[in-house]
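The lines below spell out each chain.
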Amino acid sequence: MSKENYEAKLSALQEIAPETVKIPNMPISNVLQEAEDLYVWATEDKEQLENNSGLDWEQHAEDIPVRAGALRHVQSLWISERYGREEAQKNWKEAAPKAYQLRDDLLDDFRYAFRKRSDLINRVRAIAEGHSHADMIQDLSDLSVLGKNNADELTAARFDLGKLNIAAAQSDAMAELLAKANGATQENSEKKHLRDKAYTHLKEAIDEVRDAGKYVFRHHPERYKGYLNHYKNR
């Protein structure tokens, strides 16, 4: 049902203004449990809440399970995306040293093979400039192209031309991996924003029901306690 709830609420979530979005201040699992507990508790007081507080039961109380289901589903989507990015970052850290070593080895090979060609040595120097991850990835591609265009000099130096194809493939693979890894530390994920909107939407309903319940049962502690935020008060 959570996916169906999410699909039913998606347009409403997308319409929530960014400036009104609230960031969860407690674990989502606790938010969902308290929402479900509140719905069950408030259902027993439906008539009193409607008659004595003006609570719109259909819009808020009855909608809590739907809003909770939407939040549960989008939370799962975001967690899946986040873990995928974290896995990519781990893979990057493992693969990057080998890619840097390949780039450095190729630079050494080319400097030797092209040592009598000032034009090619200048090209190698230009490629060697820059020290960022993006530079390394581009270097592998540039070295592959430069090497294939000057295979005779490399062959004379007993260079393994197969390394040029490896460099090109490594450049493509590392570019894709870096793009995914960079997302691991970003908090501007579309799914995270949607998760926060789903939380905001659920919180609105929860707050309406809690406020009504605490008002109606302010003199009845046995019913009043069911409208408290137990996670916050524990």
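As the structure is a computational prediction, the values presented were derived from the model and not from experiment. Residue numbers run consecutively from 1 along every chain, following the written order of its sequence. Reporting in this predicted model follows two pLDDT cut-offs: at least 70 for local features of residues, and 80 or more for side-chain atom pairs to be given and counted; totals over whole chains, interfaces and linings ignore these cut-offs and use all residues. With hydrogens and water set aside, each side-chain value is computed from the structure's full complement of heavy atoms.

What follows deals with the overall build of the chain. A tally of regular secondary structure across the chain gives twelve helices and zero strands. Labels follow the DSSP assignment, with helices taken as runs of H or I lasting at least four residues and strands as runs of E lasting at least two, numbered in each case from the N terminus. Starting at the N terminus, the α and β elements of the chain follow one another as α-α-α-α-α-α-α-α-α-α-α-α. Dimensions of the chain, computed from the C-alpha atoms along their principal axes, are close to 95 × 35 × 30 Å. Here's how the labels work: a residue is buried when its accessible area is under 20% of the maximum for its type, exposed when over 50%, partly exposed in between, all with a 1.4 Å probe on protein chains only. The buried share of the chain, reckoned over its 234 residues, is 39%. It only takes one pair of heavy atoms within 4.5 Å for two residues to be counted as in contact. A separation of at least 24 residues holds for 79% of the contacts in the chain among residues at least 6 apart in sequence. Here the open area of atoms and residues is found with the Shrake-Rupley method and a 1.4 Å probe, where only the protein chains shown may cover a residue. Entry remark: accessible area of the chain is about 13500 Å², with carbon and sulfur atoms responsible for 48%. Charge centroids of the chain, computed over 34 positive and 41 negative side chains, lie 5 Å from each other. Residues scored as charged are limited to Lys and Arg (positive) and Asp and Glu (negative), so that His and the chain ends carry no count. The atom standing in for a charge is NZ when the residue is Lys, CZ when it is Arg, CG when it is Asp and CD when it is Glu.

With that out of the way, let us pick up the pattern of salt bridges. Here, a salt bridge means any Lys or Arg side-chain nitrogen found within 4 Å of an Asp or Glu carboxyl oxygen. Here the structure, examined in full by the defined rule, presents 18 salt bridges. For Glu34, the salt bridge identified is with Arg210, shortest N-O distance 2.6 Å. In this pair, Glu34 sits in helix 2 (residues 28-43) while Arg210 sits in helix 10 (residues 190-216), placing the two residues 176 residues apart along the sequence. A residue is classified by how much of its surface remains accessible, and Glu34, at 13% relative accessible area, is buried.

On the surface, Asp56, Glu58, Glu62, Glu208 and Asp211 cluster together into a negatively charged patch. For Asp211, the location among the structural elements is in helix 10. For patch building, the residue pool is restricted to those with more than 30% relative accessible area and no salt bridge; the joining distance is 9 Å between like charges and 5 Å between nonpolar side chains (Val, Leu, Ile, Met, Phe, Trp, Tyr).

Before going further, it helps to examine the packing of helix 7 (residues 133-149) against helix 9 (residues 162-182). In contact at an axis separation of 8 Å, helix 7 and helix 9 are set at 155° when each is read in the N-to-C sense. On the basis of the axis angle, helix 7 is roughly antiparallel to helix 9. The way helix 7 lies across helix 9 gives a crossing that is left-handed. Each of His133, Ala134, Met136, Ile137, Leu140, Ser141, Leu143, Ser144, Gly147 and Lys148 in helix 7 lies in contact with helix 9, whose residues at this interface are Leu164, Asn165, Ala167, Ala168, Gln170, Ser171, Met174, Ala175 and Leu178. Orientation is described by axes fitted as lines to C-alpha atoms, over the contacting stretch for helices, and by angles from 0 to 180 degrees between their N-to-C directions. Each angle gets one of four labels, with under 35 degrees taken as roughly parallel, over 145 as roughly antiparallel, 65 to 115 as roughly perpendicular, and the rest as oblique. By the definition used in this description, the sense in which the near helix is turned from the far one sets the handedness, with an anticlockwise turn below a right angle giving left-handed and a clockwise turn giving right-handed.

This next bit is on the environment of Thr200. Along the polypeptide, Thr200 turns up in helix 10. For Thr200, a relative accessible area of 11% corresponds to the buried category. Sequence separation between Thr200 and Arg117 is 83 residues; the distance between their C-alpha atoms is 65 Å. Apart from the residues within four sequence positions on either side, Thr200 is in contact with Thr20, Val21 and Lys22. There is a polar contact of 2.8 Å between the side chain of Thr200 and the backbone oxygen of Asp196. N or O atoms closer than or at 3.5 Å make up a polar contact, with two conditions inside protein: a donor-capable atom paired with an acceptor-capable one, and, for residues adjacent in sequence, both atoms drawn from side chains.

Space inside and on the surface of the protein is sampled on a 1 Å grid over the protein atoms alone, with a cavity defined as a set of points where a 1.4 Å probe fits but cannot get out and a pocket as an open set with protein on both sides within 12 Å along at least 5 of 7 lines; lining residues have an atom within 4 Å of a point. Grid points are joined across faces, edges and corners, and a volume is the space filled by probe spheres set on the points. Counted as a void, the largest pocket has a volume near 310 Å³. Lining the largest pocket are 16 residues, with Lys203, Asp207, Arg210, Asn229 and Lys232 positioned closest to its centre. Residue assignment for the lining of the largest pocket shows that the elements contributing at least two residues are helix 2, helix 10 and helix 12 (230-233). Of the residues forming the lining of the largest pocket, the biggest block, seven residues, is contributed by helix 10. Of the volumes computed, that of the second largest pocket is approximately 160 Å³. Along the walls of the second largest pocket sit Gln33, Glu34, Asp37, Leu38, Trp41, Arg210, Lys225, Gly226, Leu228 and His230, which together make up its complete lining. It is helix 2 that provides the largest number of residues to the lining of the second largest pocket, a total of five residues.

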